[in-house]
Each structure stands twice: as C-alpha cells, then as structure tokens.
Amino acid sequence: MRLPATVIHFFQEQGCVVVSTIDEKGLPHSACKGIVQIIRNGRIYLFDLYRQRTHQNILRNPKISITAFDEHKFKGYCLKGKAEIIP
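Residues numbered from 1 in each chain as written. Predicted model: local features only at pLDDT ≥ 70, side-chain atom pairs only at ≥ 80, totals over all residues. Heavy atoms only, no water.

1. Section: the pairing of strand 4 (residues 63-70)
Both faces of the sheet carry side chains from a regular strand, because those side chains alternate between them. Heads up, the rule is: Note on pairing: DSSP must find at least two bridges between two strands before they are called paired. Helix and strand assignments follow DSSP, with helices taken as H or I runs no shorter than four residues and strands as E runs no shorter than two, numbered in order from the N terminus.
Sheet topology places strand 1 (residues 16-22) next to strand 4; three bridges connect them, and they run antiparallel. When the sheet's bridge partners are listed, serine 20 is paired in strand 4 with serine 65. Alignment of strand 4 against strand 5 (residues 75-82), held across eight bridges, turns out to be antiparallel. Paired with isoleucine 64 across the two strands is glycine 81, which belongs to strand 5.

2. A closer look at the sheet that holds strand 3 (residues 44-47)
Heads up, the rule is: Only the contacting stretch of a helix is used when fitting its axis, a line to C-alpha atoms as for every element, and angles between N-to-C directions run 0 to 180 degrees. We call two residues contacting when some pair of their heavy atoms lies within 4.5 Å.
Within the open sheet, the five strands sit side by side as 3-2-1-4-5. Their pairing is antiparallel. Across the chains shown, the open sheet's two edge strands, defined by having one partner strand only, are strand 3 and strand 5. Going from strand to strand, the sheet's axes swing by 40° on average, the running direction of each strand aside. The strands that helix 1 (residues 5-14) touches are strand 1, strand 2 (28-38), strand 4 and strand 5; relative to strand 4, the one it contacts most, it runs at about 75°.

Spatial relationships are all this shows, so hold off on functional conclusions.
Written out as structure tokens, the structure is:
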C-alpha cells in the first residue's frame, strides 16, 4: 500500500506512535514506540527498545495497528497491517 505524503508527514511530526498487537489471550496490547523511518511504499520502521510484550506478540501474531495523533488538532491516523521483526 502506498502511503500519501500527507500521512507520512503527519506520522513524522508526531515523534512516537501507539502500536497495538494481540497478546497470547487474544486481547489487545498497546505500547508507545519511536519511529525510525517511513517509506512511501507502506513500510514503517519502529524502534522497540525493550523487546518484551510487543515483540513476543508480533512473533506469535504479526497483525498490528499503528496509530499517530495530534491531540491539539484532534486529528489522527491508524494504519493496519502485518509486522516483521528485523534483528
């Protein structure tokens, strides 16, 4: 999926995003992650410093959502897809 430049710019302005994964019980788990790079072809590279719950959840089930928002403008985006762990 190709990301529009406005969405890429919005995500880059936020500094961090909320990543939601599914835990071992099938429940949602959300965590704040830093953005490393966004590529227009739809790839978003995130930094997972602790490699705990989010990391384990992605290994078990790669489906995720990534949400960025600006609470002052009451604007945001949620991107959904599959994650891959890159060591």
